[in-house]
Structure formats: C-alpha cells, structure tokens
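Architecture and fold: a report
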Amino acid sequence: MKIAITGKGGVGKTTFSAMLARLYADEGYRVLSVDADPDANLALALGFPKELMDTIVPISEMKELVAERTNVPIGGFGKMFKMNPKVDDIPERYCKEYNGVRLLTMGTVDTGGSGCVCPEHVLLKRLTSHLILQNKDVVIMDMEAGIEHLARGTAQGVDAFIVVVEPGERSIQTYRKVKKLGEDIGVKRVLVVGNKIRNKEDENFIINNVQDGECLGFIYYNEEVINSDRSNLSPYDNCTKTVEEIKYIKQKLQGGI
Ligand SMILES: Nc1ncnc2c1ncn2[C@@H]1O[C@H](COP(=O)(O)OP(=O)(O)OP(=O)(O)O)[C@@H](O)[C@H]1O
Ligand SMILES: [Mg+2]
C-alpha cells in the first residue's frame, strides 16, 4: 500500500504519518516512511535518536549520487543527461532505520519554475515513482503542506491521499482542493482524517463537510502529543489514547472503509 499524507500546514500530517508508520512496523510490515517535505522533520516524530538524526543527508543533497546517477557533473550541465537514472538501490542503501521503520528523506529541490529539469529534480521524481510503483513495502509519504507540489505530480500513482483536516473551514478548503486535484491526476481514493478534535460538534463539522464514506476517523486533541513534541519524543511511545485512535483509523483504511 502506498499512501500520501496531505493537508494544510500544521494540521498534524507528520504526527499522523509517523504514528501510522510505527503501527504498521509493530505489526511486522516492512514500512518505508518517506519525508517528502523540504522542511523535513519526520525523523523527530518517529523518535529517531539525535545521533542517528545527525547522520541523515537528504537525497537531493547527495551531490555525488545525483551526479553519478544523472550523468551531470557536480555544478555542471550534462550533455548526456539521463532522464531515467537508476534508483532501485537507493531506498535500501540510503534509508535510516529505527524502531522497525525505514526512513528516506528526500530533501528539497529549487524548482525555479515548473519547467525545471535540474538533475536533483529528475532523480527525486524518478525515485518517488519507483517507490510508488515498484517498491513492495508499505510506503507512507509525509508531504509538504498545501497542494502546489501535488499539482506537479509529486505523489502521482499512490493508492490514496489521506488529507488530515482540523475542525475548521480553512483545512476543509485544502481538502476540497486536494480532492479536485486527486481526481484530475487519477488518484483512486481521497480519504480524510480529522485531527485535533475536541468534541462531537467537531466530529460532526468534519462529517458534514466531507464526502460520505471518505472519513476514516478522528484523532482527539491530546496534550500528550504536544508534550512529546516539546520533549523530542515519539508520540507513538507516549500517547496511548492517540495510538488507539490511529489503530482504528488504520483498520478502516485496510478495510477500504
Ligand atoms: N491530536 C493532536 N493533539 C494535540 N496536538 C497535536 C495533535 N496532532 C498534532 N499536534 C501538534 O500540532 C503541531 C503540528 O503537527 P505536525 O507537525 O504533525 O503538523 P504538519 O501538518 O506536519 O505541519 P507542517 O505543515 O508544518 O508539516 C505539533 O506541535 C504537534 O505536536
Ligand atoms: Mg509536517
């Protein structure tokens, strides 16, 4: 299963991505967590220790790898620009593993407009499509906020977009845009998780604003989640109630709701 976690900024995409990945890993699945946000912080939410986190180099910053695979010398322009660089060994070689979750950090590419064909961009695009179309693991991609990057096809081919929403009009707006875009680019399912819920009214607000059958469930506002963030701990290890809520969401996801 390949899913991309999307939504407005700050709604809880990274928190949810990390906890879902940990759940799958604890059940014995091979899980690949992909940090596709240029402002990468998934390792923190997964509970990576600092020493391991310090060893992470985003793929787009691996100059030699990019040069070797795309045939473009570092800082130069290639005459024989490879549009289909070899990528199949990259996940295994460059992921970092902790608590049974393998993490691949993609990094950022200065796109310089939509028509960018810089080598980093070509490599990341090819790598992402390999992860989605060929990799055998459960792949959970923590996306950048908003929809601009989705429009560039950064998650094309996934089985589902999961849009994390808060009980508020602004994140519902983002859900509507993601849904429209998902339809345009042929993503089979767009599902919703309500986060930072405080009461039944919040639940109803979300149910009333998303399409029937799309809502996978709710995660309640939980101070323990913020406390773990503050203490640099994985919410998965410290927020029992939230883990239970996400277990339920995962079941619905697997049952195709
Ligand atoms: N259920 C919750 N209860 C309380 N706080 C939460 C909950 N979910 C997430 N948070 C907090 O909200 C903040 C934003 O969460 P997170 O980083 O997961 O969002 P994000 O959507 O990935 O943000 P960004 O768009 O910046 O990538 C964090 O401080 C996190 O601890
Ligand atoms: Mg995030």
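Here's a quick rundown of the structure. (Residues numbered from 1 in each chain as written. Chains lettered and ligands numbered in written order. Predicted model: local features only at pLDDT ≥ 70, side-chain atom pairs only at ≥ 80, totals over all residues.)

This paragraph deals with the sheet that holds strand β1 (residues 2-7). Strand order in the open sheet made by the eight strands is β3-β4-β2-β5-β1-β6-β7-β8, with mixed pairing throughout. Edge positions in the sheet fall to β3 (96-98) and β8 (215-220), since each has one partner strand and no second. Geometrically, the sheet is characterised by an average inter-axis angle of 25 degrees between neighbouring strands, direction not taken into account. Where strand β2 (residues 31-35) and strand β5 (residues 138-142) come together, five bridges link them in parallel fashion. (Pairing = 2+ DSSP bridges. Helix = DSSP H or I, 4+ residues; strand = E, 2+ residues; numbered from the N terminus. Axes fitted to C-alpha atoms, helices over the stretch in contact; angles between N-to-C directions.)

Let us look at the site of ligand 1. G12, K13, T14, T15 and A145 are the nearest of the 18 residues found near ligand 1. For the shell around ligand 1, the elements supplying multiple residues, two or more each, are α1 (13-26), β7 (189-197) and α10 (223-230). Here the shell around ligand 1 is built from residues that sort into six nonpolar, eight polar and four charged. (Near = placed C-beta within 6 Å. Nonpolar A, V, L, I, M, F, W, Y, C, P; charged D, E, K, R; others polar.)

Remark: a regular strand shows side chains that alternate across the two faces of the sheet. Counting buried residues along β2, five of its five residues qualify, which places the element largely inside the surrounding structure. Taking every second residue as pointing to the same face, both faces of β2 are buried, with V31, S33 and D35 on one and L32 and V34 on the other. One ladder, built from five bridges, connects β2 with strand β4 (residues 101-105); its direction is parallel. What sits directly across from D35, in β4, is T105. (Buried ≥ 20, exposed ≤ 12 C-beta atoms within 10 Å, placed from the backbone.)

Moving on, we come to the environment of V163. When you line up the elements, V163 lands in strand β6 (residues 160-165). If we skip the residues at most four places from it in the chain, V163 touches T6, G7, Y175, V178, V190 and V192. (Contact = placed C-beta atoms within 7 Å.)

Of all nine residues in β7, eight are buried; the element is thus mostly enclosed. In this region the chain leaves β6, passes through helix α8 (residues 169-185) and returns to the parallel neighbour β7; the handedness of that crossover is right-handed. Pairing of β7 with β8, which is carried by four bridges, proceeds in the parallel orientation. Paired with V193 across the bridge in β8 is G217. The parallel pair β7 and β8, bridged by helix α9 (residues 200-209), forms a crossover whose chirality is right-handed. (Right-handed = clockwise from strand over helix to strand, strands pointing away.)

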